[in-house]
Amino acid sequence: MTCWSGMHSLVLDCMDRYLPRQRHQPTPSISSQPTHHVRPDACHCQAILFHQNLNTMVATSDISADTSASLLTTLADEISSSATLLSSHFESRRLPWPSFSADGPRQPICEDNEEVSRARIALIEATRSLHALAVGPVETTKHFCFNEIYLLGAMQVLCHFEIPQNVPLQGTITFHHLASKTGLSEALLPRFLRMAIANFYFAEPEPGLVAHSAWSKPLATDEKMRACIWFRHAEMLPAVSKLVDMVKRYPDSPEPQDTAFSLAFGDVFFGYKERHPENMVKFGQFVDAFSGGSSADSAESIARAYPWETLPNRALVVDVGGGIGHISAAIAQAHPHLRFQVQDFEDLRGAAEELMESKGVKDRVEFVSHNFFDPQPEPVRGAAVYFMRNILHNWSDLYCQRILKPIANSMGPESRIVNCDIVLPEPNSVPKAQDAVTRALDLTMLSMFNAKERSFDYADSRLEITDVVGKPRMRMDSLVEVRLLC
Ligand SMILES: C[S@@+](CC[C@H](N)C(=O)[O-])C[C@H]1O[C@@H](n2cnc3c(N)ncnc32)[C@H](O)[C@@H]1O
């Protein structure tokens, strides 16, 4: 599942309380033993993976072994046929065409249509591969991330000086005027801007005149877009620069404080944010943008993605680490026959109860203060569902065992865990561009939290993935159902 909750309000309301608690957890000694996963005695587990859709996507992934002379033209043909399919889609629906112009659409290719989505992925994959072949291995390595590193720096300077907001949405502005409006040196401004322009951000229609492009315009109007650049530059880059130190100093540590982030910033991820609340706000904006929707969107998609309607009347869903209960509230609204217990820290009670009141589900959704490392409260023993979203991927295997064990101890024969996180794809099972994103998320979890994205064969040898259906918030998210067959 994605590592981020994608809920701005939730992130602001509760994630700042999250890792600081990690610091106060009892710290087990670092063990070099392999971790064991929750294994309730005399019980068998079966896991059913809901969603992903990854396996239904184009499998253009493994071209690494292809030595045929026609690889270039095969890829070019793939590009041509995917582009043709997309063009007829735009034409038939009279949609705005993708373009670099400032008037171009923000998100030209809608992903609701499976065929269009597949064509888009095929186009991205084939263009990426063709580009790599055209550049070649040595040139690629010689210029490794050269453009990206300085583009990130240039964009952060431009955003810091509010350049996107000061370029008119229509028309142009001179470098001179832009420099005087923003305070960025007139000598430096063109150097940073032209780096951005070389990468599709902004345009220079005439020498010395700046205009927006389709890429830069969202940065003028949407603070969440600017937060994406800020987060990569201000927090991710310094943490990444400490990865070697982390791996050398803390090899295989399961501890949340033994991270590249802590080495860079002298504190755990959310502890640092407690001391820098403005960073927390921007991080929340980044999470919202990255996860592609509001908390309401993601909650509603989860309410649709799982067959909640098949649970018995008055069945209890325990939302473990549920924050202020956005997800439970959405499921409760969609499924009036269910009851919910949202478990999180006491200081979220007020906001949680307010939310339930406003959503009209107060009579069926209760908030209970509960630390998920402690035994589950007796009244929820044998609950129909123990739901977790964006919980396990924040923790190492050792801590996941400690979270899962009290749940397993509380489960009855009809109970199940429904877990929502990214599920890492099997090697060569998805297009490389998509694989790269999940791998980057996994390494983000490592460098920031000493946690990981999982393939879900991790939890217990008795777990068996039998199906992949549904479509929660992000394409990479999955709902994993784990049953105990006692
Ligand atoms: C990433 S947020 C996910 C919240 C919610 N499940 C969602 O998807 O929106 C992680 C949540 O875990 C809670 N949490 C962290 N440590 C906890 C603990 N030891 N016991 C209970 N909740 C905890 C945090 O307060 C936060 O609400």
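Structure: see above.
Residues numbered from 1 in each chain as written. Predicted model: local features only at pLDDT ≥ 70, side-chain atom pairs only at ≥ 80, totals over all residues. Heavy atoms only, no water.

Peer 1: Tell me what's going on with the overall build of the protein chain, and back it up with residues and numbers.
Peer 2: Looking only at helices and strands, one finds 20 helices and nine strands in the protein chain. In the protein chain, buried positions account for 51% of the 486 residues. Sequence separation of 24 or more characterises 77% of the internal contacts of the protein chain that already satisfy a separation of 6 or more. Accessible surface computed for the protein chain: about 22,700 Å², of which carbon and sulfur atoms make up 55%. (Helix = DSSP H or I, 4+ residues; strand = E, 2+ residues; numbered from the N terminus. Buried < 20%, exposed > 50% of the residue type's maximum accessible area, 1.4 Å probe, protein only. Contact = heavy atoms within 4.5 Å. Areas by Shrake-Rupley, 256 points an atom, 1.4 Å probe, with all protein chains shown as cover.)

Peer 1: Now, about the packing of helix H6 (residues 146-160) against helix H11 (residues 223-240): what can you tell me, with residues and values included?
Peer 2: Geometry of a packed helix pair, given as the angle between the helix axes and the separation of the axes. In the contact formed by H6 and H11, the axes pass within 9 Å of each other and the chain directions differ by 120 degrees. Taken together, H6 and H11 sit at an angle that is classed as oblique. Here H6 and H11 pass one another in a crossing that is left-handed. Of H11, the residues touching H6 (which contributes Leu152, Gly153, Met155, Gln156 and Cys159) are Arg226, Ile229, Trp230, Arg232, His233 and Leu237. Residue composition of the contact of H6 with H11, grouped by class: six nonpolar, three polar and two charged. (Axes fitted to C-alpha atoms, helices over the stretch in contact; angles between N-to-C directions. Parallel < 35°, antiparallel > 145°, perpendicular 65-115°, else oblique. Left-handed = near helix turned anticlockwise from the far one by under 90°. Nonpolar A, V, L, I, M, F, W, Y, C, P; charged D, E, K, R; others polar.)

Peer 1: Tell me about the packing of aromatic side chains, and please be specific about residues and values.
Peer 2: Going through the model one piece at a time under the given rule, you end up with 27 aromatic pairs. Geometrically, the ring pair formed by Phe261 and Tyr272 is edge-to-face, given 5.9 Å between the ring centres and 75 degrees between the ring planes. Of this pair, Phe261 sits in helix H13 (residues 260-265) while Tyr272 sits in helix H14 (residues 269-275), and the two are eleven residues apart along the sequence. Taken as a pair, Phe261 and Tyr272 share a single burial class, namely buried. (Phe/Tyr/Trp six-rings, centres within 6.5 Å; stacked < 30°, edge-to-face > 60°.)

Peer 1: Tell me about the pattern of salt bridges, residues and numbers included.
Peer 2: Summed over the entire model, instances satisfying the criterion amount to 13 salt bridges. Between Glu204 and Arg194 there is a salt bridge whose closest N-O contact spans 2.7 Å. Pair noted here: Glu204 is in the loop between helix H9 (189-197) and strand E3 (209-210) and Arg194 is in helix H9, with a separation of ten residues, a long-range link. For Arg194, a relative accessible area of 41% gives the class partly exposed. Two residues, Glu346 and Arg349, come together in a salt bridge whose shortest N-O distance is 2.8 Å. (Salt bridge = Lys/Arg side-chain N within 4 Å of Asp/Glu carboxyl O.)

Peer 1: Got a sec to walk through the pairing of strand E6 (residues 365-369)? Specific residues and values, please.
Peer 2: Here strand E5 (residues 339-344) pairs with E6 via five bridges, running parallel. If you follow Asp344 over to E6, its bridge partner there is Ser369. Crossover connection from E5 via helix H18 (residues 349-359) to parallel E6: handedness right-handed. (Pairing = 2+ DSSP bridges. Right-handed = clockwise from strand over helix to strand, strands pointing away.)

Peer 1: So what's going on with the state of the cysteines? Residues and values would help.
Peer 2: One pass over the full model with this rule turns up zero disulfides. Note on Cys159: no disulfide assigned, nearest cysteine sulfur contributed by Cys228 at a separation of 10 Å. For Cys159, a relative accessible area of 10% translates into the label buried. (Disulfide = S-S within 2.5 Å.)

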